Structures are given as structure tokens and as C-alpha cells.
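In case you want the letters, here they are:
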Amino acid sequence: MASSKPRLIWFDANRVCAALGVVLIHSTTDFAGGAFPDASVAERSVPVFLRSIAEFSGSEMFFLFSLFLMCMRIDRGRPTYGAAIALQAERLLVPFVFWTVFYAFFKLLKADAFNYAPYIWDQLGSVSTWLKFFLLGGSQYHMHFLPTLFLLFLLFPVMRLALRYPVLGLTLFGTLGAMEHAQGYLYSLPINSEVLPYLIRATKVMGYVGYGFAAFAFYGLWKDGIPRGESRLIRRGAIYFAAMAYVATLPYFGAALFSGEWGLRADWSYFGHFLMPVFMFCLFLGGQHFVWSPRWSELAKYTFGVYLMHPIMIDLFDIAITQSGVSSGMSPAAIVLFRYAFVLPATFGLTVAVGKFKPLAWTIGLGPAPWKWGKRPSNMAG
């Protein structure tokens, strides 16, 4: 990156805010991941509302970040395809194996507390379960991110088109639409339940390449330079489009409010959700000329770890309040608010602690892998 380009603090601020949103998303459910189906509409209104606000962020935002950073690395270093993929395999797949095994057994703690441990043990004895764990990231609800991101990285040569022709960033709308159309058809077919998840993931990877086009286009525009006046226009437009995307998701959250179930996203609720990361990215890009505190960059180092480890704190919180009997007197709103108030700082604290512990720091991107200890560290930026 040229000397005239300072560190992307606006980008780091976006990463931190996205991490806050992801933790809130996973904090707004009942103990089984549902929308408090046994509560009244009024009682579940706060969790559903907070979920709708949290989804201004989401795992798709992390895909956009990661692809933007990959574009930057490729533009800086001009690595060969093999070298670029080897680096990403080391950064993503090695930690993925660690966390897959960890969560496969860690979730037994909650299973034992909620009396479904035998079901989990049966799963762990199945070969197909472990295949889903390692191929689909099925060991925990957030682990899909790492293998999916790696598969997206394999397709980065086609994403480079958007670096040359930024207008191709708009193709995200089309790739998402094709993905929805294909997945709807697959779900309608009498396909073996063991095979269907792999077909769905294949269409997801193909559809998410659109995030790559968007990320590479954003990088190209940022690299060329966006003046203050144009940045202001981008920011204003992003506010409007993000608000419009939120409006489009209201039917989805309205259905959840009245039914007590997180349903399937369809039609404009689908597009509102999956296009939101682009509009939020534009919002921060439009604020690139603000005076941002360096503290954002310091916190951004821990966002990968927060993403990976926040389910630990969520499970520990759920176990604690149920085993103590406190949960029986708590409303859905209280459960969600107290959970988030505990999980967010606790996860950041855990991430900082793990980052300082050399034997594990590599698992959250804050240190070299064990086989590189004692060697000159590679560039771990981003």
C-alpha cells in the first residue's frame, strides 16, 4: 500500500462493529437457538427487534472484509495462485481443524446441562457427522465461515475482473438471486438428506463469489482514491440503501415475532439481508476521511478471535443461569440483554488472553503456527 494511504482505520472500525453485531445476533435466541416460541408476542418483541438491528452486520460482512483484504494482499505482493492459496490454507484451514475438534466436544457441556448429551454422543460416533464437521463446518453454528471462505478464495482469479471493471461489483445482486433460485429448487427435490447440504453449500459458494466481485470493486475504487465530496455522497446513499434493506427485512422479522420461529428468508427479505453488508461497507467507506481513533485498529485485531470464540461464552452463560435456576424468573428480553452484556466483554477478554498465550495465539490469527515458532514471522496483517 502506498505511503499516501494510511492504515484503513475506517475499515477496522467496520470490522469491530460487525463483530459486535454477530455476537448480538447469536445472543438474541432462546437456549435452543429459537425465537422464544413459548413466550407471548409482547415478550419476544425485544429479542426479535434486537435481532433485526444486529443483522445490519452478520457473517456475510466477514466474507466481504476477508475478500477485500485478500484483494489488497494480491495487489501488493502479486503472488502466484499456488502461493496465495497455500497462505490462505495455513491461515484458515489449520485453525479450522483445531476449532472443529474443540467445538465437537465442547458442546457436550451444554448438552449435558440441557439433557441431550446422548444425542450428541450418537452424532459423534457417525462418520457422516465428522464429514459435515470438516467439510461444511457443522461442529458449531458459526464454523461454516472458514471452509466456505477458503473455497471462495480458490475463485479469486475471476474476482479480479472487478478490480479492473468495478461495475462488476453490481453482479452480487444477480449471483444472490441465482443462488436463491437454485437452492429453492434443490430443497423441493427428494434428495438424500446426507447429500443435500453439500449441494446447498456448492450453490452458496457460487453465489457468494458476488461478494468477491463487490470486495474487489471496492478495493479498486478505494485505491484509486475517493475525494471527500464523493465520499460524502457515498455515505448518504449508503444510509438510504441500508435503511431500505432494513425495511425489506421487516416481513421476515414480523413473521418471527408472531410465530416464534426464525423462518426462511424469501423474496425481498432475502435480498435485504444479503445486500446489507454492502451498504454498511459503503457507509464506512464513505466515512474514510473522518478522524478515526487508532483504538479501532487495536480492537480490530481481535475480531477474528471474537467471531471464533463467542459461542463459548454464550454456552457458559446459558449453562450458568439454567443450572442456578435464575433463568426461570427471567423474561426473554432479560435473557438476551444480560447474555449480551456478559458475552461481549467476556469474549473480548478471552481473545486478548488467548492472543497473549503463544501455544494458542495462532488459532485466532494472532501468532505464527507451531511449526513456525522460532522463525521469522510472516505478515499477519489484517
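Residues numbered from 1 in each chain as written. Predicted model: local features only at pLDDT ≥ 70, side-chain atom pairs only at ≥ 80, totals over all residues. Heavy atoms only, no water.

A.B. asks: Please explain the overall build of the chain as it appears in this structure.
C.D. replies: Counting its regular elements, the chain contains 17 helices and 0 strands. Taken over C-alpha atoms, the radius of gyration comes to 21 Å for the chain, in line with the 21 Å a tight globule of 382 residues would show. Buried positions account for 51% of the 382 residues belonging to the chain. In the chain, 81% of the contacts between residues at least 6 apart in sequence involve partners at least 24 apart. Accessible surface, the chain: about 17600 Å² in total, of which carbon and sulfur atoms supply 68%. Both charge centroids of the chain, one from 30 positive and one from 19 negative side chains, sit 15 Å from each other. (Helix = DSSP H or I, 4+ residues; strand = E, 2+ residues; numbered from the N terminus. Rg over C-alpha atoms; globule rule 2.2 N^0.38 Å. Buried < 20%, exposed > 50% of the residue type's maximum accessible area, 1.4 Å probe, protein only. Contact = heavy atoms within 4.5 Å. Areas by Shrake-Rupley, 256 points an atom, 1.4 Å probe, with all protein chains shown as cover. Lys, Arg positive; Asp, Glu negative; His and termini not counted. Charge placed at Lys NZ, Arg CZ, Asp CG, Glu CD.)

A.B. asks: Mind showing me how you'd approach the environment of Gly 58 here?
C.D. replies: Considering the arrangement of structural elements, one finds Gly 58 in the loop between helix H2 (41-54) and helix H3 (59-77). Taking the C-alpha atoms as reference points, Gly 58 and Leu 20, 38 residues apart in sequence, are found 9.4 Å from one another. Each residue touching Gly 58, except ones within four places of it in the same chain, is listed here: Val 22 and Ile 25.

A.B. asks: Looking at this model, I keep getting lost on the nonpolar core. Mind explaining?
C.D. replies: The nonpolar side chains of a soluble globular protein tend to be buried, and buried together. Core analysis: the largest hydrophobic core is formed by 83 residues, its most contacted members being Trp 10, Phe 68 and Leu 176. Not counting residues within four places of it along the chain, the set of residues in contact with Leu 176 comprises Gly 207, Tyr 211, Tyr 270, Phe 271, Phe 274 and Leu 275. Formed by 9 residues, the second largest nonpolar core is a distinct cluster that contains Ala 39, Leu 50, Met 330 and Val 336. (Core = buried A, V, L, I, M, F, W, Y, C linked by side-chain atoms within 4.5 Å.)

A.B. asks: Sorry if this is basic, but what is going on with a nonpolar patch on the surface here?
C.D. replies: On the surface, Val 97, Val 101, Phe 105, Trp 121, Val 127, Leu 131, Phe 134 and Leu 135 cluster together into a nonpolar patch covering about 740 Å² of accessible area. The element contributing the most residues to the nonpolar patch is helix H6 (residues 127-136), with 4 residues. Position of Leu 131 relative to the elements: it lies in helix H6. Leu 131 gets classed as partly exposed once you look at its relative accessible area, which sits at 43%. (Patch = residues over 30% accessible without salt bridge, like charges linked within 9 Å, V, L, I, M, F, W, Y side chains within 5 Å. Salt bridge = Lys/Arg side-chain N within 4 Å of Asp/Glu carboxyl O.)

A.B. asks: Sorry, what's going on with the pattern of salt bridges here?
C.D. replies: Note that side chains of opposite charge can pair when their charged atoms are close. Within this structure, the stated rule accounts for 10 salt bridges. Of the charged contacts, one joins Arg 78 and Asp 75 as a salt bridge, the two residues approaching to 3.3 Å between their closest N and O atoms. The exposure class of Arg 78 is exposed, given its relative accessible area of 52%. Among the residues examined, Asp 75 registers a relative accessible area of 12% and is labelled buried. The salt bridge involving Asp 75 is made with Lys 223; its shortest N-O contact spans 2.8 Å. Of the two residues, Asp 75 is situated in helix H3 and Lys 223 in helix H11 (residues 196-224); the sequence distance between them amounts to 148 residues. Here Lys 223 falls in the partly exposed class, since its relative accessible area comes to 42%.

A.B. asks: Where do I start with the packing of helix H7 (residues 145-154) against H11 in this structure?
C.D. replies: Angle between the axes and distance between the axes are the two parameters that describe a pair of packed helices. Remark: H7 packs on H11, axes separated minimally by 10 Å, with the N-to-C direction vectors making an angle of 55 degrees. Classed by the angle they form, the pair H7 and H11 counts as oblique. Taken as a pair, H7 and H11 cross one another with a handedness that is right-handed. Residues Pro 147, Thr 148, Leu 151 and Leu 152 of H7 touch H11, and the partners they reach there are Arg 201, Val 205, Tyr 208 and Val 209. Tallied by class, the residues present in the contact of H7 with H11 amount to 6 nonpolar, 1 polar and 1 charged. (Axes fitted to C-alpha atoms, helices over the stretch in contact; angles between N-to-C directions. Parallel < 35°, antiparallel > 145°, perpendicular 65-115°, else oblique. Left-handed = near helix turned anticlockwise from the far one by under 90°. Nonpolar A, V, L, I, M, F, W, Y, C, P; charged D, E, K, R; others polar.)

A.B. asks: Just to check I follow, could you spell out the environment of Phe 105 for this structure?
C.D. replies: One can find Phe 105 in helix H4 (residues 81-113). Residue class for Phe 105 comes out partly exposed when judged on its relative accessible area of 39%. The spatial distance from the C-alpha of Phe 105 to the C-alpha of Ile 364 is 19 Å, given a sequence separation of 259 residues. Leaving out residues up to four positions away in the same chain, Phe 105 has contacts with Trp 121, Leu 124 and Trp 130.

A.B. asks: Quick question: what am I supposed to make of the packing of aromatic side chains here?
C.D. replies: Across all of its chains, the model carries 44 aromatic pairs by this definition. Judged by centre distance (5.8 Å) and plane angle (65 degrees), the rings of Phe 98 and Trp 362 are edge-to-face. Of this pair, Phe 98 sits in helix H4 while Trp 362 sits in the segment after helix H17 (358-361), and the two are 264 residues apart along the sequence. Overall, the relative accessible area of 27% leaves Phe 98 in the partly exposed class. (Phe/Tyr/Trp six-rings, centres within 6.5 Å; stacked < 30°, edge-to-face > 60°.)

A.B. asks: What exactly am I supposed to notice about H2 here?
C.D. replies: Owing to its 3.6 residues per turn, the α-helix brings residues three or four apart onto one side. The terminal C-alpha atoms of H2, which comprises 14 residues, lie 19 Å apart, in line with the 20 Å expected from a rise of 1.5 Å per residue. Those residues of H2 not exposed but buried are Arg 44, Pro 47, Val 48, Leu 50, Arg 51, Ser 52 and Ala 54. Where H2 is buried, its residues touch helix H1 (9-27), helix H12 (228-259) and helix H16 (332-356). (Expected span 1.5 Å × (residues − 1).)

A.B. asks: Explain unusual backbone geometry here, please?
C.D. replies: Leaving glycine out, the prevailing phi sign among residues is negative, and the prevailing peptide bond configuration is trans. If you check the backbone angles, Asn 115 has positive phi at about 65 degrees while not being a glycine. The topology assignment puts Asn 115 in the loop between H4 and helix H5 (117-124). Residue class for Asn 115 comes out exposed when judged on its relative accessible area of 69%. In this structure, Asp 267 is a non-glycine residue whose phi angle is positive, near 55 degrees. Classification of Asp 267 by relative accessible area gives exposed; the value is 56%.

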